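# Fold and contact review
One letter stands for each residue in the lines below.
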Amino acid sequence: MSAGADGAIQGEVALDRAGAALELARIRFDVEAVRADFPGLHQEIHGQPLAYLDSAASAQKPRAVINALTQIYLRDYSNVHRGVHALSQRATDAYEAGRRRVARFLGAEEREVVFVRGVTEAINLVAWSFARPRLNAGDRIVLSAMEHHANIVPWQQVCQMTGAELSVVPIDDRGVLDLAAYDRLLAEGGERVKMVAMIHVSNALGTINPAAEIVRRAKAHNPDLPVLFDGAQAAPHHPIDVKALGCDFYAISGHKVFGPTGIGALYGRFAHLDAMPPWQGGGDMIRHVSFEQTTYAEPPQRFEAGTPHIAGVVGLAAALDYLERIDHEAAITYEQALLAYAAARLDELAPHVRPIGVAPDKASVLAFVIEGVHPHDIGTVLDQAGIAIRAGHHCAQPLMDRFGLPATARASFAFYNTRAEVDRLIDAIGQTIELFGPREG
């Protein structure tokens, strides 16, 4: 038997296994019932049913979230923390209930949850308020080669201000973090290593980094070495327990986890938050203000200056409640089965299509390139078929450079996607290959 024939048989076996696993997961998880909760999925694009495969960019919203936002604006809206009237008290109760809900989701204490606009603002808060006062020339901040720009640019900025430097942990060709290199960077940096900041799940590759092991090695190097995780992509697909991880900071974005845009949360170990100065000044983050001196509130209020995104907090809490109601663990199992099936189907299109990021431990991201076809052209063709994917550098240009690519096409799945949508994706990719393939003269 030829190597090609043997490979084809192995591919068929892998596809059969993936299909059987997906069917088993679907029996446990009623995807059609869940899809009914998401009104945005039920529309046509260019005359075709929408297949929304861009949840890593931003997830669709269930009716529970939409209804919560409607309720707060229709009946319960007022400013929080400031009024003694009934509406203000109702809004304040809802806002602080949202903090309790997020704390429970993260395994944190209420006083350790700071509301922010999203992961980007959370990392900037830590970089400027926590890290910058502690950094000196020659100090090191350790990142990974797969970081989103939100976990690169703020650190570059504080390095430029302080003379500190970035140390970057490399990844292998599969998109897996090189833990041996991580150990070397910690050892070489010695006491100069002042921060570790890494993505928990790569938005561009889907790689799930070993967060607990990253923390363990950092603390073995220096028990006081703070570790931050960008959890934007982990939160929708991965159980989070910040106390079990042992990390010092953890950031999530509401819109990735089926909640509203413009809201997110930062977990910070209380001892750190308590020692951090505020990075924005204004109302609601103070104890007393005079023209001579201002004293500040305790965390987390110290970091929530001005009128907050009240409705966003209510919507985020509703999204987390929704995840709990649908059996999040079953949803994650279903997503993993869907990803395995999609990867097996994509392999049918080799060698014309090459997957980017094949780590053994992945969230539901399928990034790929087609030989000779720009990812933007792939995205345009798929859009005409009603299939929404992301094409570009995914705010991870250093990662694209690592693979020698300007961009990739990325399909990202959530628990509301289906096997039929994966099959449509693969068929449309095949049509794209035919459309841009060599033609006979």
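As a reminder, the structure under discussion sits directly above these lines.
Residues numbered from 1 in each chain as written. Predicted model: local features only at pLDDT ≥ 70, side-chain atom pairs only at ≥ 80, totals over all residues. Heavy atoms only, no water.

### Here we look at the packing of helix α12 (residues 328–347) against helix α15 (residues 419–436)
To be explicit about the condition: Between the N-to-C directions of two axes lies an angle of 0 to 180 degrees, each axis being a line fitted to C-alpha atoms and, for a helix, fitted only over the stretch in contact. Elements are defined by DSSP. Helices are runs of H or I of four residues or more, strands are runs of E of two residues or more, and each kind is numbered from the N terminus. Any angle between 65 and 115 degrees counts as roughly perpendicular, while under 35 counts as roughly parallel, over 145 as roughly antiparallel, and the rest as oblique. For a crossing to be left-handed, the near helix must be turned anticlockwise from the far one by less than a right angle; the clockwise case is right-handed. Should any heavy atoms of two residues lie within 4.5 Å, those residues are considered in contact. Under the grouping applied here, Gly and all other residues not named as nonpolar or charged are polar, the nonpolar ones being Ala, Val, Leu, Ile, Met, Phe, Trp, Tyr, Cys and Pro and the charged ones Asp, Glu, Lys and Arg.
Taken N-terminus to C-terminus, the directions of α12 and α15 make an angle of 25 degrees; their axes are 10 Å apart at the nearest point. When the interaxial angle is binned, α12 and α15 end up roughly parallel. Relative to α15, the crossing made by α12 is right-handed. Here Y334, L338, Y341, A342, R345 and L346 of α12 lie close against α15, whose contacting residues are R419, V422, D423, I426, D427 and I429. In terms of residue class, the contact of α12 with α15 is built from 8 nonpolar, no polar and 4 charged.

### What to know about the side chain of E335
The cut-off we apply is this: Only protein chains enter the accessibility calculation, which uses a 1.4 Å probe; a residue whose area is less than 20% of its type maximum is buried, one above 50% is exposed, and one in between is partly exposed. In this charge count, Lys and Arg are treated as positive and Asp and Glu as negative; neither His nor the chain ends contribute. For this analysis, a salt bridge means a side-chain nitrogen from Lys or Arg found within 4 Å of a carboxyl oxygen belonging to Asp or Glu. Under the rule applied, a polar contact is a pair of N or O atoms within 3.5 Å (in protein, one hydrogen donor and one hydrogen acceptor; residues adjacent in sequence only if both atoms are side-chain atoms).
Residue placement: E335 occurs in helix α12. Although E335 is buried, it makes no salt bridge; R35 carries the closest opposite charge, 12 Å away. In terms of polar contacts, E335 uses its side chain to reach the backbone amide nitrogen of F415, at 3.1 Å. In contact with E335, other than residues within four places in its own chain, are P236, H237, S364, F413, A414 and F415.

### A few points about the packing of aromatic side chains
Under the convention used in this document: Here a Phe, Tyr or Trp ring, Trp counted by its six-membered ring, pairs with any other such ring whose centre lies within 6.5 Å, and the pair is stacked when the planes are under 30 degrees apart, edge-to-face when over 60, and tilted otherwise. A positively charged side chain is recorded as over a ring if its NZ (Lys) or CZ (Arg) lies within 6 Å of the ring centre. The angle to the ring normal must also be within 35 degrees.
The final tally for this structure, using the stated rule, is 13 aromatic pairs. On the numbers, 4.7 Å between centres and 40 degrees between planes, the contact of F258 with F415 is tilted. In this pair, F258 is assigned in the loop between β9 (249–253) and β10 (264–268) and F415 in the loop between β17 (408–412) and α15, connecting sequence segments 157 residues apart. Looking at F258, the relative accessible area reads 1%, which means it is buried. Joined through ring pairs, the aromatic side chains of F29, F38, F258, Y322, Y334, F415 and Y416 make up one cluster. Above the plane of the ring of F270 lies R111, whose end atom (NZ or CZ) is 3.9 Å from the centre. If you follow R402 out to its NZ or CZ, it ends over the ring of F403, 5.1 Å from the centre.

### Observations concerning the sheet that holds β9
We count it as follows: In this description, strands pair whenever DSSP reports at least two bridges between them.
Spatial ordering of the open sheet is given by β4-β10-β9-β8-β7-β5-β6, a layout of 7 strands whose pairing is mixed. If you trace the sheet from one side to the other, it starts and ends with β4 (113–116) and β6 (165–169), each paired once. The average undirected angle you get between the axes of adjacent strands in this sheet is 20 degrees. One ladder, built from 4 bridges, connects β4 with β10; its direction is antiparallel. Note that in β10 the partner of V114 across the bridge is L266. Packing of helix α4 (residues 86–106) onto the sheet brings it into contact with β4, β9 and β10, and relative to β4 it is tilted by some 115 degrees.

### A closer look at the pattern of salt bridges
Tallied over the entire structure, the rule returns 26 salt bridges. E96 is paired through a salt bridge with R99; the nearest N and O atoms lie 2.8 Å apart. In this pair, E96 and R99 are both assigned in helix α4, 3 residues apart and thus about one turn of the helix distant. Per residue, the accessibility class of E96 equals that of R99, and both read buried. For D321, the salt bridge goes to R101, with nearest N and O atoms at 2.5 Å. A residue pair is termed long-range when its members are at least 10 positions apart, and D321 in helix α11 (residues 310–325) and R101 in helix α4 qualify at 220 residues.

### A few points about the nonpolar core
Filter applied, for reference: Residues belong to a common nonpolar core when they are buried Ala, Val, Leu, Ile, Met, Phe, Trp, Tyr or Cys residues joined through side-chain atoms within 4.5 Å.
Core analysis: the largest hydrophobic core is formed by 110 residues, its most contacted members being Y250, F415 and I429. Residue contacts for F415: discarding those within four places in its chain leaves F29, V31, V34, F38, F258, Y322, L323, I326, A331, Y334 and E335. Core analysis: the next-biggest nonpolar cluster, separate from the first, contains 28 residues, I123, V126, A131 and F303 among them.

### Side note on the sheet that holds strand β16 (residues 390–392)
Read from one edge to the other, the open sheet built from 4 strands follows the order β13-β14-β17-β16, with strand pairing classed as antiparallel. In this open sheet, the two edge strands, each paired with only one partner strand, are β13 (353–356) and β16. Neighbour to neighbour, the strand axes of the sheet diverge by 30 degrees on average, direction disregarded. Examined bridge by bridge, β16 and β17 share 3 bridges and lie antiparallel to one another. Bridge assignment links A391 to a residue of β17, and that residue is A409. Across the face of the sheet, α12 comes into contact with β13 and β14 (365–370) while running at roughly 15 degrees to β14.

### Quick look at the state of the cysteines
Our working definition: In this description, the term disulfide denotes a pair of cysteine sulfurs within 2.5 Å.
Under the counting rule described, the total for this entry stands at 0 disulfides. Between C395, a cysteine without a disulfide, and C159, which holds the nearest cysteine sulfur, the sulfur-to-sulfur distance is 20 Å. With a relative accessible area of 32%, C395 lands in the partly exposed category.

### Quick notes on helix α5 (residues 119–131)
In terms of burial, α5 is largely enclosed, as 11 of its 13 residues are buried. Of the residues making up α5, those classed as buried are V119, E121, A122, I123, N124, L125, V126, A127, S129, F130 and A131.

Worth remembering: the numbers are spatial, not functional.
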